[in-house]
Amino acid sequence: MSAPIVSTRALTKVYGAGDTQVSALGGVDLDIEAGQFVAVMGPSGCGKSTLLNMLGGLDDPSGGQVLIAGEELGSLKDDDLTALRRRKIGFVFQFFNLIPMLTATENASLPLRLDGEPDAEEKAKTWLARVGLGERLDNRPDQLSGGQQQRVAVARALSTEPALILADEPTGNLDSKSAGEIVELLGKVASDWGRTVLMVTHDARIASYAHRLLLMRDGMIVGDRPLDGSRDAPYRALEELGLL
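Remember, it's a predicted structure, so these values are computed and weren't measured experimentally. (Residues numbered from 1 in each chain as written. Predicted model: local features only at pLDDT ≥ 70, side-chain atom pairs only at ≥ 80, totals over all residues. Heavy atoms only, no water.)

Asks: I'm lost on the side chain of Lys48 in this one. Help?
Replies: Inspection of the secondary structure puts Lys48 in helix α1 (residues 48-55). For the buried residue Lys48, which engages in no salt bridge, the nearest side chain bearing the opposite charge is Glu169, 5.6 Å off. A distance of 3.3 Å separates a polar side-chain atom of Lys48 from the backbone oxygen of Pro43. If we skip the residues at most four places from it in the chain, Lys48 touches Val40, Met41, Gly42, Pro43, Val200, Thr201 and Met216. (Helix = DSSP H or I, 4+ residues; strand = E, 2+ residues; numbered from the N terminus. Buried < 20%, exposed > 50% of the residue type's maximum accessible area, 1.4 Å probe, protein only. Lys, Arg positive; Asp, Glu negative; His and termini not counted. Salt bridge = Lys/Arg side-chain N within 4 Å of Asp/Glu carboxyl O. Polar contact = N/O pair within 3.5 Å; in protein donor to acceptor, adjacent residues only side chain to side chain. Contact = heavy atoms within 4.5 Å.)

Asks: What's the story with the packing of aromatic side chains in this structure? I'm lost.
Replies: What describes a pair of aromatic rings is the distance from one ring centre to the other and the angle between the planes of the rings. Counting across every chain of the model gives 2 aromatic pairs. Considering the side-chain rings of Phe91 and Phe93, the 6.0 Å spacing of their centres and the 0° angle between planes classify their relative orientation as stacked. Judged by its relative accessible area of 17%, Phe91 falls in the buried class. A relative accessible area of 28% places Phe93 in the partly exposed class. (Phe/Tyr/Trp six-rings, centres within 6.5 Å; stacked < 30°, edge-to-face > 60°.)

Asks: Can you walk me through the packing of helix α3 (residues 104-114) against helix α5 (residues 146-158) in this structure?
Replies: Packed helix pairs are specified by the crossing angle of their axes together with the interaxial distance, meaning the distance between the axes. As a packed pair, α3 and α5 sit with axes 7 Å apart at the nearest point and diverge in direction by 30°. For the element pair α3 / α5, the angle class is roughly parallel. Like other packed secondary-structure pairs, α3 and α5 cross with a definite hand, here right-handed. Two secondary-structure elements touch here, α3 through Ala104, Asn107, Ala108 and Pro111 and α5 through Val152, Ala155 and Arg156. (Axes fitted to C-alpha atoms, helices over the stretch in contact; angles between N-to-C directions. Parallel < 35°, antiparallel > 145°, perpendicular 65-115°, else oblique. Left-handed = near helix turned anticlockwise from the far one by under 90°.)

Asks: Looking at this structure, how should I read unusual backbone geometry?
Replies: With glycine set apart, most residues show a phi of negative sign, and most peptide bonds adopt trans. In this structure, Ala10 is a non-glycine residue whose phi angle is positive, near 50°. By secondary structure assignment, the location of Ala10 is in strand β1 (residues 6-15). Residue classification places Ala10 among the partly exposed residues on the basis of a relative accessible area of 43%. Look at Glu161: it is not a glycine, yet its phi comes out positive at around 60°. Topologically, Glu161 is positioned in the loop between α5 and β7 (164-168). According to the relative accessible area criterion, Glu161 is partly exposed, its value standing at 43%.

Asks: Whenever I open this one, the nonpolar core confuses me. Can you help?
Replies: Considering soluble globular proteins, one finds that nonpolar side chains tend to be buried as a cluster. Membership of the largest hydrophobic core comes to 45 residues, with the highest contact counts inside it found for Phe37, Leu128, Val154, Leu186, Met199 and Leu213. Among the elements that line this core, the one with the most residues is helix α6 (residues 176-191), at 7 residues. Core analysis: the second largest hydrophobic core is formed by 28 residues, Val6, Val66, Leu76 and Leu214 among them. (Core = buried A, V, L, I, M, F, W, Y, C linked by side-chain atoms within 4.5 Å.)

Asks: Sorry, what's going on with the pattern of salt bridges here?
Replies: Pairing between side chains becomes possible if they bear opposite charge and their charged atoms approach one another. In total, this model carries 15 salt bridges according to the counting rule given. In this structure, Asp115 and Arg87 form a salt bridge, with 2.9 Å as the shortest nitrogen-oxygen distance. Highlighted residues: Asp115 in the loop between α3 and α4 (120-130) and Arg87 in helix α2 (residues 78-88), separated in sequence by 28 residues. We classify Asp115 as partly exposed; its relative accessible area is 31%. Taking relative accessible area as the criterion, Arg87 reaches 46% and is therefore assigned partly exposed. The salt bridge partner of Glu121 is Lys125, with a shortest N-O separation of 3.1 Å. Residue Glu121 and its partner Lys125 are both found in helix α4; the two are separated by 4 residues, about one turn of the helix. Glu121 gets classed as partly exposed once you look at its relative accessible area, which sits at 36%. Here the salt bridges share partners, and the residues they tie into one network are Arg86, Arg87 and Asp115.

Below, the structure is given as structure tokens:
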């Protein structure tokens, strides 16, 4: 078997010191294979976003290891870590984070341009077409709906051909119809395009589209369940562990 795309060992994160010390992650061991679509759920403050930040190299762990596509993040120099984030990890956020004055093509091609890719525009257009925005290449964010803006963000995340997509509440700022379309698109990113997707969500309906559900409480993974596509499976898992 090939090595997991994501691997953590005894991963911890502590904020503050003394009486104000808070343990955000308490020793997380995790493996995620290529092409898996994994949802992460749990109550506010349980460590979901902290875990995503650790996996994306956006914050340093207090202890333990994070490996992305076989590379241990803690062993990388700053420039090498930046290069790995840009080339192997794509990020999708709740509020899209598009640059208002740039077109869809310019937004989607930005990571490639920063990396000096000569075919940045053409690669961005290819991904925009794949996510259903082939007719909106020259539109700015204010000319697009919320769902369309999030599609631009997904295309931007995919433009560098990363192994891993990290999505932090990607449907949290969308109406229910657009939210369903975006999570279906993320499923396609995994099943059709072979990327690993790790998605934090508070919405059990959205989580039900994933292949696997991680449940967190107090900085620990307390549940790891396969999902069968039924819309009530995450609710049942949350109820069983007393997280509802």
